Amino acid sequence: MKAFAELLDRLLYTPSRNGKLTLMCNYFRTTPDPDRGYALAALTDGLPHAFPIRRIIIELAENRFDPELYGLSRDYVGDTAETLSLMWPQPADLGHPPRLAEIVERLKYIGRHQQSAELAAWLDRLDATGRWALLKFLSGAPRVGVSARLARLAVARTFGRDVSEIEELWHGLTPPFLPLFSWLEGRTGLPEKSATPVFRPLMLAHPLEDAEWDALEVSDFAVEWKWDGIRVQYSGRGGVTRLFSRTGDDVGGAFPDMIEGAAFDAVLDGELLVVRDGEVAPFGDLQQRLNRKGVARAMMEKYPAHVRLYDALELEAEDLRSLPFVERRERLERWHREKGPRRTDVSEQLSPASKDDLRALWQGARHGGIEGLMLKRRASPYLAGRPKGHWYKWKRAALTADCVLMYAQRGAGKRSSFYSDYTFGVWADGESGLGLVPCGKAYSGFTDEELKELDRFVRQNTTERFGPVRAVEPRLVLEVAFDAIQKSGRHKAGLAMRFPRISRIRWDKPAAEADTLEHLLKIAE
Amino acid sequence: MPAMPAFETWLRPDNKGLYCVPGDFYIDPHAAVPRAIITHGHSDHARPGNEAVLATEETIDIMRLRLGEFAGGQLQAMAYGESLSLGDVTVRLVPAGHILGSAQLVIDYRGVRAVISGDYKRHADPTCLPFEPVTCDLFITEATFGLPVFRHEPDRAEIGKLLASLADFPERTHQIGVYSLGKCQRLIALLRQAGYDRPIWLHGALRSLTDYYASRGIAMGEVPDVMAATNTLAGEIVLSPPSAIGDRWSRRLAEPLASFASGWMRIRGRARQRGVELPLVISDHADWPELLDTIRETGAEEIWVTHGREEALVHAAEAMGLKARALALVGREDEPE
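Residues numbered from 1 in each chain as written. Chains lettered and ligands numbered in written order. Predicted model: local features only at pLDDT ≥ 70, side-chain atom pairs only at ≥ 80, totals over all residues.

## Here's the deal with the environment of glutamate 212 of chain A
Its location among the elements puts glutamate 212 of chain A in helix α13 (residues 210–215). For the pair glutamate 212 of chain A and glycine 389 of chain A, spaced 177 residues apart in the sequence, the C-alpha separation amounts to 8.7 Å. (Helix = DSSP H or I, 4+ residues; strand = E, 2+ residues; numbered from the N terminus.)

Structure below.
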């Protein structure tokens, strides 16, 4: 528990991805089984247990502490679990701290009436960091800024493997992952694949660059729309259906409409969308359904899920990955006519006769649900990762708006001394006349040299400070590029931009000439 | 035997600070006064412009270093344990364990004794004499960390965390925010104790006091100026004032890893708010158990709490059956360390 507690503690404070990877690699390298496996579970899918941590924490705090001192402390710290971990009296001699595995094993057997006493006994054997980590662990997601993907990447890197190898095995494995670590350390062979659906690493595309466009032979490529949703792998086997994200996370929980009553035997590659009456809805509609553990009927009716299929990796237990793309497509279409799961269709193939045709298609791609074009080499097999020379994505041209810089925040890591995160706004009529309404945030798109200039501008034009954030004199116009813009109730401006980034700094342009909210609402989908 | 005078009749907080009536002096006054006794050299206790100042020799040296000609009119040094009569009272300075030269003030008046703690701690500190508990009737204590959530970890564990991070991230400069008087030198001494013998690089603002500590025989080892470095100091320890963290000054360093040595680092929200990547809970103030233990050890029946989180400490003292009140003293920083 000590090593795990230190890991969580350091991860919480370390902002950079590489820093987090280093810390996790050191942990997986030096921590024995089965503890590291349980730690991996905690950092990825969580460990299923029914420990009513909130209730127990409150119970312990009320029974053990002077209510006045607890109240003052709780108000000061701002977090109940942290307050308990800090206030907990620490014996002079902690004895042996419990191992993570010991806690996990014991959790399976604790009766309802022992829960509080059992937790107290563990807390007595831990230091402040250990107590905090235990409470965090018991409350489910540790929230230390590590995605499941990053944790798996750390495991892969620790043992010099490719993360796709681990992703492919992942859904057949359970904590504490002994066969996985044993294989990684070369003690045994590959863990057995399971009878239920497993994830197959996805094939990804490169952006189409000028040189590739110049060399492109239209007849070598299959062309289709790049739909603006979430790339998924829709997978069925043995009566079980799964929906995986492109990094192999099981996202089916948020989309029961894609899971319940769906039974097929295939591994399919497609785009998860919200589709109403055959019309693809804007990305924001899909966003309403993301990152939810459960989902209400009404949500499913209002935002019906759909998978538009691009490709097939397996059909009826036959692995198709080595076949050329056109052949896989043909097999997919044939299979789908007979056995296609409901709420799916096969993405349309476009047939430009020439490069001019192709360019015209790209220019016309302004429909809400379309992000651009996909160009796939007809002869390419299905290859994991992002192989060169096979698939290209050709995103439609970005939209831009002239916005005014309003707030700036310092970045992290290499950028910690630079104001590098910018909140910008546009003009709108408000109660007190024309004013700026924030409409987005961007932290990319500029060169190192431009960053220095922006940083200098922020420091010289600060009007107010709120912790790491500075408000600036509204006088610098930023040309902001974004892939799409749509109405949104979540933001003050009533708009949400996709992938906003700084495309140009308009040192020359007076702030009064920046765009208006009215204009943005007009171009919003 | 005449009745014992109530403490309030002869020790009074007013708008300049805490005033001792029968001795005619202030303790750590907030504004300039004719006669002041100063417990230690931190700027919220040792202010400029007093006509006459009484303090330990080290505190007077530190005031001269920091305040120059404004350190005071007449500066009188007093050794720990030495007694001096001032008006109708006798005073004595006793080590407080806070920083070099820090003292508690013991005042005897008509058979009763008041002790003013100044700032203090009970953790061992290689840079100053340890706190010496003095039996008294009235104990006036600080309460910077006066909440039960504050318990400072053993220094060795915190130094261990720092050394582990250096091993994990040898490509990054470890920039540690420290207060220039006390924390800076203590951290250096703790690192030396742990066997760290590489140079420890200093921001210019830490130079004069660190040299002063060294001149008083406290071994600092090699402590060069960051400005004299010929590279970006990857994998090295740099000490700077907290304000230089994330400041343009830090751009000369190799992807600086921001650390901060302070008792406040015990609270995660606080550490994260400051953008600290490596919080080190190292404090020069008493933590909660130390505050309670010290109150008990003095045997005082009455407790006054000067600054910090008074409410909880007053509550806890009352729960111990003592008479307790908060002194709302002006001019103390909310977060002195």
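## Points about the interface of chain B and chain A
Where interface size is given, it is often the accessible area lost as the parts come together that is meant. Listed by partner, the interface residues are 30 residues for chain B and 27 residues for chain A. At the level of elements, α6 (268–273), β16 (278–280) and α8 (310–319) of chain B are the ones that each hand at least two residues to the side of chain B that touches chain A. Of the residues assigned to the side of chain B that touches chain A, the class counts are 13 nonpolar, six polar and 11 charged. (Contact = placed C-beta atoms within 7 Å. Nonpolar A, V, L, I, M, F, W, Y, C, P; charged D, E, K, R; others polar.)

## Side note on the nonpolar core
Counting residues in each nonpolar core, the largest one holds 227 residues, and the members touching the most others are Ala39, Cys403 and Leu478 of chain A together with Ile37, Leu105, Leu187 and Leu239 of chain B. Discounting residues that sit within four places of it in the chain, alanine 39 of chain A has contacts with Phe4, Leu7, Tyr27, Thr31 and Leu100 of chain A. (Core = buried A, V, L, I, M, F, W, Y, C linked by C-beta atoms within 7 Å. Buried ≥ 20, exposed ≤ 12 C-beta atoms within 10 Å, placed from the backbone.)

## Focus: the packing of helix α6 (residues 80–87) of chain A against helix α9 (residues 128–138) of chain A
All names here are of chain A. One can describe the packing of α6 onto α9 by two numbers: an axis separation of 8 Å at closest approach and a directional angle of 150 degrees. As far as their axial angle goes, α9 and α6 are roughly antiparallel. By crossing handedness, the relation of α6 to α9 is classed as right-handed. Judged by residue contacts, Ala81, Glu82, Leu84, Ser85 and Leu86 of α6 engage Ala128, Arg131, Trp132, Leu135 and Lys136 from α9. By residue class, the composition of the contact of α6 with α9 is six nonpolar, one polar and three charged. (Axes fitted to C-alpha atoms, helices over the stretch in contact; angles between N-to-C directions. Parallel < 35°, antiparallel > 145°, perpendicular 65-115°, else oblique. Left-handed = near helix turned anticlockwise from the far one by under 90°.)

## Some words on the sheet that holds strand β10 (residues 112–116) of chain B
All names here are of chain B. Taken in spatial order, the seven strands make up an open sheet running β7-β8-β9-β10-β11-β17-β18, and their pairing is mixed. The open sheet has two edge strands, β7 (83–86) and β18 (323–326), and neither has a second partner. Strand-to-strand twist in this sheet, taken as the mean axis angle between neighbours without regard to direction, amounts to 20 degrees. Examined bridge by bridge, strand β17 (residues 302–308) and β18 share four bridges and lie parallel to one another. Along β18, the bridge assignment pairs isoleucine 303 with alanine 324. The sheet strands contacting helix α7 (residues 288–298) are β10, β11 (138–143) and β17, and the helix crosses β11 at an angle near 170 degrees. Those strands touched by α8 are β11, β17 and β18, and its axis lies near 175 degrees from that of β18. (Pairing = 2+ DSSP bridges.)

## Brief notes about the pairing of strand β2 (residues 221–227) of chain A
Regular strands place side chains that alternate from one sheet face to the opposite one. All names here are of chain A. Most of β2 sits out of view: five of its seven residues are buried. Bridge analysis of β2 against strand β11 (residues 370–377) gives seven bridges, and the strand direction is antiparallel. When the sheet's bridge partners are listed, tryptophan 227 is paired in β11 with isoleucine 370. Pairing of β2 with strand β10 (residues 349–350), which is carried by two bridges, proceeds in the antiparallel orientation. Residue pairing across strands places glutamate 224 opposite glutamine 349, the latter belonging to β10.

## Some details on the sheet that holds β16 of chain B
Residue and element names in this part refer to chain B. Here five strands make up an open sheet; going across it, the order is β13-β14-β12-β15-β16 and the pairing parallel. Each edge of the sheet is formed by a strand with only one pairing partner; in this case those strands are β13 (200–202) and β16. Recorded for the sheet is a direction-independent mean angle of 25 degrees between the axes of neighbouring strands. Two elements, strand β15 (residues 257–261) and β16, share three bridges in a ladder whose sense is parallel. Note that in β16 the partner of serine 259 across the bridge is leucine 278. On top of the sheet, helix α3 (residues 155–168) reaches β12 (174–177), β15 and β16; it is set at about 160 degrees to β16, its chief contact.

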